[in-house]
Amino acid sequence: MAASASTRFLVLLKDFSAFRKISWSSVATNYHRQSRFLCHVAKEDGSLTLASLDLGKKPRKFGKSKATKLEGSYVTEMGQGKVRAVKNDKMKVAREKKPAEIVSPLFSAKSFEELGLPDSLLDSLEREGFSVPTDVQSAAVPAIIKGHDAVIQSYTGSGKTLAYLLPILSEIGPLSSHSESEKRTEIQAMIVAPSRELGMQIVREVEKLLGPVHRRMVQQLVGGANRMRQEEALKKNKPAIVVGTPGRIAEISKGGKLHTHGCRFLVLDEVDELLSFNFREDIHRILEHVGKRSGAGPKGEVDERANRQTVLVSATVPFSVIRAAKSWSHEPVLVQANKVTPLDTVQPSAPVISLTPTTAEANGQIQTTIQSLPPALKHYYCISKHQHKVDTLRRCVHALDAQSVIAFMNHSRQLKDVVYKLEARGMNSAEMHGDLGKLERSTVLKKFKKGEIKVLVTNELSARGLDVAECDLVVNLELPTDAVHYAHRAGRTGRLGRKGTVVTVCEESQVFIVKKMEKQLGLPFLYCEFVDGELVVTEEDKAIIR
Ligand SMILES: Nc1ncnc2c1ncn2[C@@H]1O[C@H](COP(=O)(O)OP(=O)(O)OP(=O)(O)O)[C@@H](O)[C@H]1O
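Here the structure is a predicted model, which is why all the values come from computation and not from measurement.

Parameters and conventions
Residue positions are given per chain, counting from 1 as you read along its sequence in written order. The predicted nature of this model means local features are confined to residues of pLDDT at least 70 and side-chain atom pairs, given and counted, to a pLDDT of 80 or more, with totals for whole chains, interfaces and linings taken over all residues. As a convention, hydrogens and water are excluded, and side-chain values are obtained from all of the structure's heavy atoms. We count a stretch as a helix when DSSP gives it H or I for four or more residues in a row; a strand needs E for two or more, and each element gets its number in order from the N terminus. Per-residue accessibility, obtained with a 1.4 Å probe over protein chains only, is compared with the maximum for each type, and a residue is labelled buried under 20%, exposed over 50%, and partly exposed between these values. Contacts: residue pairs with any heavy atoms within 4.5 Å of one another. Residue exposure ignores everything except the shown protein chains as possible cover, and the areas themselves are Shrake-Rupley values with a 1.4 Å probe. For two strands to pair, DSSP has to find at least two bridges joining them. Lines are fitted to the C-alpha atoms to define the axes, a helix being fitted only along its stretch in contact, and any angle between axes, read from their N-to-C directions, falls within 0 to 180 degrees. Within this analysis, the arc is defined by the directions that extend from the helix axis to the C-beta atoms. UniProt positions are given in the numbering used here, feature names are shortened, and annotations may be inferred rather than shown by experiment. Note on aromatic pairs: the rings of Phe, Tyr and Trp (six-membered ring only in Trp) are paired at centre separations within 6.5 Å, and the planes decide the class, stacked below 30 degrees, edge-to-face beyond 60, tilted for the rest. An automatic or database domain assignment is the source of the domain bounds shown. For any pair of parts, buried area is found by adding up, for both, the accessible area (1.4 Å probe) each one loses once the two are put together. Residues are grouped as follows: Ala, Val, Leu, Ile, Met, Phe, Trp, Tyr, Cys and Pro are nonpolar; Asp, Glu, Lys and Arg are charged; all remaining types, including Gly, are polar. Each residue is tested against the molecule or strand, and it is near if at least one of its non-hydrogen atoms lies within 4 Å. Any pair of N or O atoms that falls within 3.5 Å is considered a polar contact. Within protein, one atom must be able to donate a hydrogen and the other to accept it, and sequence-neighbouring residues count only if both atoms are side-chain atoms. Here a helix's expected span is defined as the number of its residues, less one, multiplied by 1.5 Å. The bend at a residue is defined as the angle formed between two axes, one fitted to the seven residues ending at that residue and one fitted to the seven starting there. Put simply, a salt bridge is a Lys or Arg side-chain nitrogen that is within 4 Å of an Asp or Glu carboxyl oxygen. Known as pLDDT, the predictor's confidence for each residue is given on a scale from 0 to 100. A crossover counts as right-handed when, viewed with the strands pointing away from the observer, the path leading from the first strand over the helix to the second turns clockwise.

S.K.: Would you take a moment to explain the overall build of the protein for this structure?
M.R.: Within the protein one finds 20 helices and 19 strands. Burial analysis of the protein (546 residues in total) assigns 56% to the buried set. A fraction of 73% describes how many contacts in the protein between residues 6 or more apart in sequence connect residues 24 or more apart. Accessible surface computed for the protein: about 23500 Å², of which carbon and sulfur atoms make up 51%.

S.K.: How should the sheet that holds strand S5 (residues 189-192) be read in this particular structure?
M.R.: Strand pairs in the sheet, formed through backbone hydrogen bonds, run parallel or antiparallel to each other. The eight strands are arranged S6-S7-S5-S8-S9-S4-S10-S11 in an open sheet whose pairing can be described as mixed. Whereas interior strands pair on both sides, the edge strands pair on one side only; in this sheet they are strand S6 (218-221) and strand S11 (339-342). Mean inter-strand twist for the sheet, computed between neighbouring axes without regard to direction, equals 15°. Relative to strand S8 (residues 265-269), S5 runs parallel, the two being bridged by four bridges. Among the inter-strand pairings, Met-190 is bridged to a residue of S8, identified as Leu-266.

S.K.: Please clarify how helix H4 (residues 119-127) should be interpreted in this entry.
M.R.: Owing to its 3.6 residues per turn, the α-helix aligns residues three or four sequence positions apart on the same side. Among all positions of H4, only Leu-121, Leu-122, Ser-124 and Leu-125 are buried. Buried residues in H4, looked at end-on, bunch into an arc of 160°, giving them a common side. Opposite the buried face of H4, by more than 90 degrees, sit the exposed residues Asp-119 and Glu-126. Where H4 is buried, its residues meet helix H6 (160-171) and helix H8 (196-214).

S.K.: Sorry, what's going on with the UniProt feature "domain: DEAD-box RNA helicase Q" (unreviewed entry) in the protein here?
M.R.: Per the UniProt record, the feature "domain: DEAD-box RNA helicase Q" (unreviewed entry) sits at residues 110-138. When the span residues 110-138 is considered, its composition is 45% helix and 0% strand, and the gap between its end C-alpha atoms is 7 Å.

S.K.: I'm lost on the packing of aromatic side chains in this one. Help?
M.R.: The description of an aromatic ring pair rests on the distance of the ring centres and on the angle between the ring planes. Applying the stated criterion across every chain, the model contains two aromatic pairs. Measuring from centroid to centroid gives 5.0 Å for Tyr-486 and Phe-525, while their planes differ by 25°, and the two rings are stacked. Separated by 39 residues along the polypeptide, Tyr-486 in helix H18 (residues 483-490) and Phe-525 in strand S18 (residues 525-531) bring together distant segments of the chain. Residue class for Phe-525 comes out buried when judged on its relative accessible area of 1%.

S.K.: Quick question: what am I supposed to make of the domain arrangement of the protein here?
M.R.: Interface extent is often summarised as the accessible area lost during association of the parts. When its domains are assigned, the protein resolves into domain 1 (113-294 + 305-345) and domain 2 (373-538). If you look at the interface, domain 1 gives 19 residues, while domain 2 gives 23 residues. Together domain 1 and domain 2 conceal approximately 1600 Å² of surface at their shared face, both sides included; 54% is due to carbon and sulfur atoms. When contributions to the side of domain 1 that touches domain 2 are tallied by element, the ones reaching two or more residues are H8 and helix H11 (271-274). For the side of domain 1 that touches domain 2, the class distribution of residues is five nonpolar, nine polar and five charged.

S.K.: I would appreciate a short explanation of the site of the ligand in the present structure.
M.R.: Looking at the ligand, there are 22 residues lining it, with Val-132, Lys-160, Thr-161, Asp-467 and Arg-495 nearest. Within the backbone of Ser-158, a nitrogen or oxygen atom sits 3.0 Å from an oxygen atom of the ligand. Summarising the interface, the protein chains cover 90% of the accessible area of the ligand, which totals 640 Å² for the free molecule. Looking at side-chain class alone, the shell around the ligand contains eight nonpolar, eight polar and six charged residues.

S.K.: It is not clear to me how H8 should be interpreted in this structure. Could you clarify?
M.R.: Between its first and last C-alpha atoms H8 spans 22 Å; for 19 residues at 1.5 Å apiece the expected length is 27 Å, and the helix comes up short by more than 12%. The sharpest bend along H8 reaches about 65° and sits at Lys-208, with the proline Pro-212 one to four residues further on.

S.K.: Got a minute to help me understand the side chain of Gln-220 in this structure?
M.R.: Residue position: Gln-220 is located in strand S6. Here Gln-220 falls in the buried class, since its relative accessible area comes to 17%. For Gln-220, the side chain forms a polar contact with the main-chain nitrogen of Val-222, separated by 3.0 Å. At 2.9 Å, the side chain of Gln-220 and the side chain of Gln-230 are in polar contact. With near-sequence residues (within four places) excluded, Gln-220 lies in contact with Met-200, Val-203, Ala-225, Gln-230 and Val-243.

S.K.: Help me out: how do you make sense of the environment of Lys-254 in this one?
M.R.: Within the fold, Lys-254 resides in helix H10 (residues 246-254). With relative accessibility at 54%, the residue Lys-254 sits in the exposed group. Residues Lys-254 and Ala-163 lie 91 residues apart in sequence; the distance between their C-alpha atoms is 30 Å.

S.K.: Help me understand the environment of Gln-137, please; the structure alone is not making it clear to me.
M.R.: Structurally, Gln-137 can be placed in helix H5 (residues 135-145). Each C-alpha atom, one on Gln-137 and one on Leu-456, is 30 Å from the other, the two residues being 319 residues apart in sequence.

S.K.: It is not clear to me how the pattern of salt bridges should be interpreted in this structure. Could you clarify?
M.R.: Oppositely charged side chains are able to pair whenever their charged atoms sit close together. This model, assessed by the stated rule, comprises 23 salt bridges. Ionic pairing is found between Glu-231 and Arg-227, a salt bridge with its closest N-O pair at 3.0 Å. Separated by four residues within a single helix, Glu-231 and Arg-227 lie in helix H9 (residues 227-237), roughly one turn from each other. The buried category is assigned to Glu-231, whose relative accessible area is 11%. Look at Arg-227 and you get partly exposed, because its relative accessible area is 33%. Among the salt bridges present, the one from Asp-391 reaches Arg-395, with a minimum N-O distance of 3.7 Å. In this pair, Asp-391 and Arg-395 both sit in helix H15 (residues 389-400), four residues apart, roughly one turn of the helix. Take Arg-395: its relative accessible area is 35%, and that puts it in the partly exposed class.

S.K.: In this structure, what is going on with the confidence of the model for the protein? I would like to understand it.
M.R.: Across the protein, the average pLDDT comes to 77, with 71% of residues at 70 or higher. Across residues 295-304, confidence stays below pLDDT 50; counting only partners more than four residues off in sequence or on other chains, it has four contacts. This model gives residues 351-369 a pLDDT under 50, and the stretch forms 59 contacts once residues within four places in sequence are excluded. Among the scores for the predicted complex, ipTM is 0.99 and pTM is 0.79.

S.K.: Mind showing me how you'd approach the pairing of strand S7 (residues 241-244) here?
M.R.: Two faces belong to every sheet, and in a regular strand the side chains alternate between them. Every second residue of S7 is oriented toward a common face, with Ile-241 and Val-243 on one face and Val-242 and Gly-244 on the other, all of them buried. Pairing between S6 and S7: four bridges, direction parallel. By the bridge assignment, Leu-221 is partnered in S7 with Gly-244. Taken together, S6, H9 and S7 constitute a β-α-β crossover, and its handedness is right-handed.

Structure, rendered in structure tokens:
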């Protein structure tokens, strides 16, 4: 799996409309009725190692008509869950010990000391329990410290936030190696994120590293919070770093209360989302103002390029981002996991995810793409009638014994109904969406992180950036709009190399969409059913999948 994952490719789902014309539902119906390769993974209580697969062990029996011998190839990724693999009369059971254990180490061979960070920052990292950099951190930090603009692309939960925060903190603020930086009273770094939650998560990460004495050096400028208070804090605390959402940053900037011409760093986190139509105007303003001093450049010429370093970050980087970065940036590099490439050498055919159909895609070719999802993630899908979806979700949670679940839907108005049904069946759950107030959203999130809420029922709002280490299951109760959205939703589990499961619940007529995403993501999606409190996997009809 790891080997195939490392070479897998991701291509954007371009346009389903053409496929909708085909009667896929009948194909899907037939194929799911065909003889299946049933997989059963029983209650797990051991870690997933080669030894744990112990093929010599006595197999579990599941009744005469089902399996008698361990021989399948599907195993559970859940700590306590039950997944069964049955092939005719043969099956395989794998046992695992702990839920959410780290199964796919993404830590670099280098130490934080080797990345050229100042001592005070190294102390902070140690104090906060960060002992080894991840791959993407050990590649990105030296490149940014050297002064390169950078596009950072690596899979969800691989530590991209620290990959850009560490070089920034090593250059500005109280932990930096430049003592004069501390004395400066202007904003020196701006970090932009598409949602309040992600913005606040980044603020917490900066605060953690700055420590309690210096935490005022970072200021949040997220929407939904009191703007006057934000403006007062800017004036009073003179933060070195601001983190905010595009709308609020642009609003304060237009009001003349945000002075960012002296900014040395601009980070667009989830850049592909930030460059989408929704944010276009605000991002344009930010790009125009941040780090651009009025007047002439060093040789008297009008300096079109900003005096800032620009860092663009996402697990999914379309070529449009690469193109934009080339035009804004100075000697930009592309950082992918542990690899650094000059951006000028990156071509449209390079392994970068495409958000818009390219010529190659239009010609029906699969564009090669890079890894945007952690290799340890397991992907399943099942079929359910619309009216039974919540029950399917409940059975899925039970079967996998999931402890912390994010269930995605597409529209906020249906979330309450799902929560109501889950609660009625005794499953702690809560809804989260953009129409909730800021306080309500942060309360729900806190409770979810503490484990007081088992199922967070949400929409696209929570798909990007949300970091809940304990989340061991993501369920798509409704299909994401495309493979990129799938990747971000799925990436809420299996963070930092942990185990995680994604189950997509679709209607029979939607199977072709799942198949299309499977193909584009280059990942196996196993068809499953929930039988007798267990997840049963059946082998798909390969003629349809590939
Ligand atoms: N070197 C490290 N050692 C231990 N934990 C780390 C390290 N780097 C990051 N983390 C933790 O890993 C988690 C995931 O990191 P982060 O949110 O930055 O991932 P990401 O790549 O930005 O994910 P996404 O693409 O979903 O936004 C966070 O809880 C973070 O604190």
